[in-house]
Amino acid sequence: MSNLNRMVDRIEGSRDDMTRFMVEVLKIKAVNPDGGGKGEFERAMFMKKQLEKAGLHVTRHDVPDSRVVEGVRVNLATVLEGEDEGRTLWIAAHLDTVPEGSRELWATDPYVPIVKDGKIFGRGAEDNGQAIASTLFAVKAMKTLGVKPKMNLGLLYVSDEESGSKYGVISLLEKGIFKSTDMALVPDAGSPDGSQIEVAEKSILWLKITTSGKQVHGSTPEKGLNAHRIGMKFAIQLDEMLHSKYAGKEPLFDPPTSTFEPTKCEANVENVNTVPGLDIQYFDCRILPQYPLDEVMGQIESVRLRLEKETGAKIEVDPKQREQNANSTPMESPIVQKLKNALKQLRGLDATPIGIGGGTVGAYFRRSGMHTAVWSTIDDLAHQPNEYCKIENMVDDAKVFAYVATT
Ligand SMILES: [Zn+2]
C-alpha cells in the first residue's frame, strides 16, 4: 500500500475520534472580545495540549491585549520537518468565533455541541472548527505513519480572525516567522463540493459618511439645514457614480463586478418633529483589483466637494477600512497545483480558481508575498444560527491536507 493510501485509510479510521475531538473544541467558548466574548485563550490551551500529545513541538506567540483576563491573545505554531527544509507550507486555522447572534434562532444551545444526521452543530463548527480538526488529524496520521511532508508543514492556530487579525496573523507577520517563499493554505472559505480554490480577493473600502447641517423644529425647516436629506442625496449620487465609473467585470470573481452597498445608518433624532442636524451612514465597497483605491477616493472627493458647495452642508468621508487588494496567487503556483491534483485524485474533481469579495487572512499572507490558496469544503454557514460542519467534510478535507503536504 502506498503512503498516500495508508494516510487516507488512517484518517478515515479516525472519524469517531475526530467527531469527539470537535465536540470538545466547540464546548470551549472562544467568542472574540470585539463580539463581547472572553477570547480564545482557553481553546488555545486545549489545542496546545492536543498538539503536544500528538508528539508535536508547539511555539506559543502571545500578543498583549488588556481586554481579556489573561492579558494576552495566544497564537500557536508547530512545524513538521519536510524533505525540503528550505520552505514551509503553512495551513492556518483560527480559534476564535463570532457570538451566537439571536438565541431564539438556534434549535439547540450553540455552546452544547450536538451530533445529528452526520453533522456537528454548534457556534464555530464550520468557522473554523472544521479546519482545526482536519488539520490536526491530517498531521496525526502523518506522524503515526512516519510520512514526511515534501516541504516543511507548518500548522497555525491563530487568534482574532473575526476582528481584523491584529492579535493574530498580522502580529505573526510582523514577528517575521514566515519567508516570502513560503506558501499558505487557509481553510476558511469554500464551496459545498470543494471545487473552488480562492486565489484572489477584491479590495475592501468601508466608508463612514458624516453630514452636518443645522437642527431645527420640524415646522420651520427653512431656518435649518436638513442633514438627513443631504446625506441621502450624497449616498445616491455616490452610489450612481461608483456603479457607472467602476462597472468593469472580471470573470475570475464571484460576483464578477465590484460591489458598492450602502449599509448601516446611525440613528439620528428621536422624534418625528425635529429636522436632523447630523446624518451618519456607511458604505461597504468590494472593488475589483483593476481599480486603484486612490483613484476611487479621488472620484468620491469630487462628488463630496460638489454637493458641499451646492448645499452648504459639511460632508466628511472617513474610510473605516481601506485595503488595496493583494497580488493574486497565480494558477501555476505549486499550492494551487497541489490542491487541484489532490482534489482530482481523491474526489475526481476539476477544481477552478476563483476570486471573492474579500475578508480572509489569505489577503495578509498574499500581501507579504506568499502564494496563498483559500480552500475548504463547506455548506457556507459561517456566522449563521444552527451552524454545523458535516463530519464527511471534516474527514475528507483532512485527507486533502495530508495529500497536499506529502505530494
Ligand atoms: Zn472564519
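Look a little higher up for the structure.
Here's a quick rundown of the structure. (Residues numbered from 1 in each chain as written. Predicted model: local features only at pLDDT ≥ 70, side-chain atom pairs only at ≥ 80, totals over all residues. Heavy atoms only, no water.)

Here we have four strands laid out as an open sheet, ordered β11-β13-β9-β14, and antiparallel in their pairing. Looking at the sheet topology across the chains shown, the edges are occupied by β11 (259-265) and β14 (314-323). Ignoring which end each strand starts from, the neighbouring axes of this sheet average 20° apart. Across the face of the sheet, helix α6 (residues 227-245) comes into contact with β9 (203-212), β11, β13 (278-287) and β14 while running at roughly 15° to β13. Together, β9, β13 and β14 form the strand contacts of helix α7 (residues 293-311), whose direction differs from that of β14 by roughly 165°. (Pairing = 2+ DSSP bridges. Helix = DSSP H or I, 4+ residues; strand = E, 2+ residues; numbered from the N terminus. Axes fitted to C-alpha atoms, helices over the stretch in contact; angles between N-to-C directions. Contact = heavy atoms within 4.5 Å.)

Time to look at the coordination of the zinc ion. Ligation of the zinc ion by protein atoms is provided by H94 (NE2), D127 (OD), D188 (OD) and D188 (OD), these donors lying 1.8 to 2.6 Å from the ion. The sequence pattern describing where the donors of the zinc ion fall on their chain is H-x32-D-x60-D. Here H94 is found in strand β3 (residues 84-94), whereas its partner D127 is found in helix α4 (residues 125-145), with 33 residues between them in sequence. The exposure class assigned to H94 is buried, which follows from its relative accessible area of 2%. Residue D127 is classed as buried on the basis of its relative accessible area of 7%. (Donors = N, O, S within 2.8 Å, 3.2 Å for Na, K, Ca; no water. Buried < 20%, exposed > 50% of the residue type's maximum accessible area, 1.4 Å probe, protein only.)

Further remarks concern the packing of aromatic side chains. According to the stated counting rule, one finds eight aromatic pairs in the structure shown. For the ring pair F21 and F46, a centre distance of 6.0 Å and an interplane angle of 25° mean the geometry is stacked. In this pair, F21 sits in helix α2 (residues 15-27) while F46 sits in helix α3 (residues 41-53), placing the two residues 25 residues apart along the sequence. Accessibility expressed as a relative area gives 5% for F21, which makes it buried. (Phe/Tyr/Trp six-rings, centres within 6.5 Å; stacked < 30°, edge-to-face > 60°.)

Another aspect to go through is the pattern of salt bridges. Evaluated as defined, the whole model comprises 28 salt bridges. Between D65 and R67 there is a salt bridge, with its nearest N and O atoms 2.9 Å apart. On the basis of relative accessibility, which here comes to 41%, the residue R67 falls in the partly exposed class. A salt bridge links D397 to R347; its shortest N-O distance comes to 2.8 Å. You can see D397 sitting in helix α10 (residues 391-406) and its partner R347 sitting in helix α8 (residues 334-347), a full 50 residues away along the chain. (Salt bridge = Lys/Arg side-chain N within 4 Å of Asp/Glu carboxyl O.)

Turning our eyes to something else, we now look at the packing of helix α1 (residues 3-13) against α4. As a packed pair, α1 and α4 sit with axes 9 Å apart at the nearest point and diverge in direction by 125°. The pairing of α1 with α4 is recorded here as oblique in orientation. Judged by the sense of rotation from one axis to the other, the crossing of α1 with α4 is right-handed. Contacts from R6, M7, R10 and I11 of α1 reach α4 at F137, A138, A141, M142, T144 and L145. (Parallel < 35°, antiparallel > 145°, perpendicular 65-115°, else oblique. Left-handed = near helix turned anticlockwise from the far one by under 90°.)

With 19 residues, α6 should reach 27 Å at 1.5 Å per residue; the first-to-last C-alpha distance of 26 Å fits that figure. Among the residues of α6, A227, I230, G231, F234, A235, L238, M241 and L242 are the ones counted as buried. For α6, the angular spread of buried residues about the axis comes to 140°, placing them on one side. Set apart from the buried face of α6 by more than 90 degrees, the exposed residues are R229, I236, E240 and S244. Buried residues along α6 sit against β9, β11, β13, α7 and β14. Capping the start of α6 is the job of one residue whose side-chain oxygen sits 2.9 Å from the backbone nitrogen of H228: N226. (Expected span 1.5 Å × (residues − 1). Arc of directions from axis to C-beta. Polar contact = N/O pair within 3.5 Å; in protein donor to acceptor, adjacent residues only side chain to side chain.)

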